[in-house]
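Next come the chains, spelled out residue by residue.
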Amino acid sequence: MKKIFTIISLAVLGIAFSSCEKNLDIPQKSVLSMDFYENATPEQADALIASVYKLYWGGRDVTSVNGIDKIIFLNSLDDDHYTGGGSFSDASYQFQDAGAYKVTASDNSMKTVYKGIYGVIYHSSLIIENIPEQNSKEINRVKAEAHFMRALAMFDAVRWWGTPILVTHVLGPDEYYLGNTPTKESIDWILDEMQTAIDGLDPIAGKGQQKAFGARISKYAAQAYRGKVQLWYASRYNDPSYLAGAVSDLKAVINSGLYELNPDMFKLVRPAGDFCAEYLFEHNADNNDGFPGDPQNDLRHMWTGWPTNLAIPSAVFSGWGWNSVSKEFGEFLAAHEGDIEKPRFKSTIHTYEQVLAMDYAPGITPGVTKAISHNAGYFTYRGISFNDDMYNNGQWAYSSANEPMLRYAEVLLLYAEAQFLKDNDADGSGLKALNEVRRRAQISELPSMTYQDIKDERRAELFYEQERFFDLQRWGDAPAALANKGKVFYEFSGYKPGTTEWNVTPVTGQSYNGNGWQDKYMLLPFPSEQLSANPNLKQNPGW
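Everything numeric here is computed off the predicted structure, so don't read it as measured data.

Criteria and thresholds
- Residues numbered from 1 in each chain as written.
- Predicted model: local features only at pLDDT ≥ 70, side-chain atom pairs only at ≥ 80, totals over all residues.
- Heavy atoms only, no water.
- Pairing = 2+ DSSP bridges.
- Helix = DSSP H or I, 4+ residues; strand = E, 2+ residues; numbered from the N terminus.
- 1 Å grid on protein atoms, 1.4 Å probe; cavity = no way out; pocket = protein on both sides within 12 Å on 5 of 7 lines; lining within 4 Å.
- Points joined across faces, edges and corners; volume = space filled by probe spheres on them.
- Nonpolar A, V, L, I, M, F, W, Y, C, P; charged D, E, K, R; others polar.
- Phe/Tyr/Trp six-rings, centres within 6.5 Å; stacked < 30°, edge-to-face > 60°.
- Buried < 20%, exposed > 50% of the residue type's maximum accessible area, 1.4 Å probe, protein only.
- Lys NZ or Arg CZ within 6 Å of the ring centre and 35° of its normal.
- Polar contact = N/O pair within 3.5 Å; in protein donor to acceptor, adjacent residues only side chain to side chain.
- Contact = heavy atoms within 4.5 Å.
- Core = buried A, V, L, I, M, F, W, Y, C linked by side-chain atoms within 4.5 Å.

**Q** Help me understand the sheet that holds strand E6 (residues 372-373) in this model?
**A** Whether parallel or antiparallel, the strands of a sheet pair through hydrogen bonds between backbone atoms. One open sheet holds the three strands; their spatial order is E6-E12-E13, and the pairing between them is antiparallel. The sheet terminates laterally at E6 and strand E13 (502-507), the two strands that pair on one side only. The pairing of E6 with strand E12 (residues 489-495) spans two bridges and is classified as antiparallel. Residue pairing across strands places Ile-372 opposite Phe-492, the latter belonging to E12.

And the structure:
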């Protein structure tokens, strides 16, 4: 949101329960009563939905959905990233297990994301159920946003676990132990919720007007997500009945004329790209978001910054080296783009030579100072932090660059795929959308397209956006693409002595090497603590 209001913090989004004992009937501090919701002004309703956005975006909070626990975990599972980090034992229960395909139901990422998802659903439901329908346009907008946010959170849950508990309202005491919900039932509810949101939301005022609208969900952004949900389910569960709906929703977004690709790919995930016409939905990384303590508590840029055992160029803010570029992705992108100087390659990753060619402070010798684990000579570029983008808030530094959750580039690729699967792109509009993405990347347009063309374009365009693992699942490509995941890691030591040949050493046969793909990873494990608390929640197969 443009500004997140100061009225309410996440800590006060609970509901006060009165005691039957008179001497305990003391109003709780920092807790909201139902009366607050029932009598909420438009400004207070804005504060309530702002808190839901805050809970979804998160950072290092234990209940965030889209914080580092999701981002690094999902990237570590795909074939485009190595886990990274300081060492192979660094945060093993959290991320290294994912990179080695040794995940357990007790790993931290499952617990954090699960709690965050149901927190978003709960607080969204409080808004929907307890703020009355009014003539206030702003309050009705907030309620529509709440419908969308709980649908988005539920979509996250379905993609992770397949049959999570569908919670459609604030639960009563007799409903605390619900069982698994069939996937299709949850998907249909998500689609209905998103349609309710679409019907109650306004579009942005015009192309490039997202900043005036704020970092909030808008009509066509919600419709883009609805199309994405339908395509995901149709391809994941081989149900073509959802394809026409996906095409219709995504086409409406394209035909709205409100979005376009940013011609300069180097502005993506930089402050210069904030609220650009390519972003449909984004997290506003404002230095002052209105909440006490750390303003955004979001250290994703530090986690994924270049490690300190690489001499850091003067423009770059160093970090901890998580989610480094895999050898497979570096080689794929170089071949796909045809030239490592093409804008998509260079704005996405850098080769070692491209890193060496950057500017350095006087006295700094470019290059590797110590062998880098989880590295084969390629370095993440999009998503790292730059000194000009950072601000300090006490102990930590944060990036001021907004984080896009959905870009127009993905909308175009989703549409191309839906069209291809629906009727082999009979009218050619899917190919047109695909070529729009390729044209921006300055690579040749295709005269026709195959499914592999679409898959490759998504891989090239959406690096580091946590889609690759779910794509491999839904396409049925995961067993082949991830067969050797984690079995081989690499250490990079710069150049071999006296040469300009990369010194890349494979690491195999160690206890931290991985197992590769196992079919149980078609669904991730429910957190063990949730299974212990709820006897009616059944674990996914193989876990």
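There is more to say, and it comes next.
**Q** Quick question: what am I supposed to make of empty space enclosed by the protein here?
**A** In this approach a probe as big as a water molecule rolls over the atoms, and the regions it shows empty are the leftover space. Counted by the stated rule, this structure contains five cavities of 30 Å³ or more. In this structure, the largest cavity spans a volume of roughly 320 Å³. Considering the residues around the largest cavity, the lining is formed by 23 residues, among which Asn-66, Pro-404, Met-405, Glu-465 and Gln-466 are closest to the centre. Looking at the lining of the largest cavity, the elements with two or more residues in it are helix H3 (68-77), helix H6 (137-161), helix H9 (219-236) and strand E11 (403-407). Here the lining of the largest cavity is built from residues that sort into 10 nonpolar, two polar and 11 charged.

**Q** Explanation requested: the packing of aromatic side chains in the structure shown.
**A** The way to describe two aromatic rings as a pair is by their centre distance and the angle between their planes. Within this structure, the stated rule accounts for 42 aromatic pairs. Measuring from ring centre to ring centre gives 6.0 Å for Phe-329 and Phe-332, while their planes differ by 45°; the resulting arrangement is tilted. Residue Phe-329 and its partner Phe-332 are located together in helix H12 (residues 327-337), separated by three residues, close to a single helical turn. The exposure class of Phe-332 is buried, given its relative accessible area of 14%. Ring centres 6.4 Å apart and planes at 70° place the aromatic pair Tyr-451 and Trp-475 in the edge-to-face group. Here the residue Tyr-451 occupies a position in helix H17 (residues 451-461), and Trp-475 occupies one in helix H18 (residues 468-475), the gap between them amounting to 24 residues. For Tyr-451, a relative accessible area of 21% gives the class partly exposed. Among the residues examined, Trp-475 registers a relative accessible area of 12% and is labelled buried. In textbook terms, an aromatic cluster arises when at least three aromatic residues are bridged by ring pairs, as seen for Trp-306, Tyr-352, Tyr-378, Phe-379, Phe-492, Tyr-495 and Trp-502. Directly above the ring of Phe-332 sits Arg-459, whose terminal nitrogen or CZ lies 4.5 Å from the centroid.

**Q** Help me understand the side chain of Arg-440, please; the structure alone is not making it clear to me.
**A** Within the secondary structure, Arg-440 sits in helix H16 (residues 429-440). Judged by relative accessible area, Arg-440 falls into the buried class, the value being 9%. Within the structure, the side chain of Arg-440 is placed 2.7 Å from the backbone oxygen of Asn-262, a separation counted as a polar contact. Residues contacting Arg-440, with those up to four places away along its chain left out, are Leu-261, Asn-262, Pro-263, Met-265, Leu-268, Glu-278, Pro-343, Arg-407, Ala-409 and Glu-461.

**Q** Sorry if this is basic, but what is going on with the nonpolar core here?
**A** Nonpolar side chains in soluble globular proteins tend to be buried together. Ranked by size, the top nonpolar core spans 121 residues in total, and within it Phe-73, Leu-77, Phe-148, Trp-161, Ile-190 and Phe-281 carry the most contacts. Top element by residues in this core is H6. It accounts for 15 residues.

**Q** What exactly am I supposed to notice about the layout of surface pockets here?
**A** Here the second largest pocket is characterised by a volume of approximately 350 Å³. Lining the second largest pocket are 27 residues, and of these Gly-85, Pro-307, Asn-309, Trp-320 and Ile-372 sit closest to its centre. Only strand E4 (322-325), E6 and strand E7 (378-380) provide two or more residues apiece to the lining of the second largest pocket. No other element matches E4, which puts four residues into the lining of the second largest pocket. Tallied by class, the residues present in the lining of the second largest pocket amount to 10 nonpolar, 16 polar and one charged.

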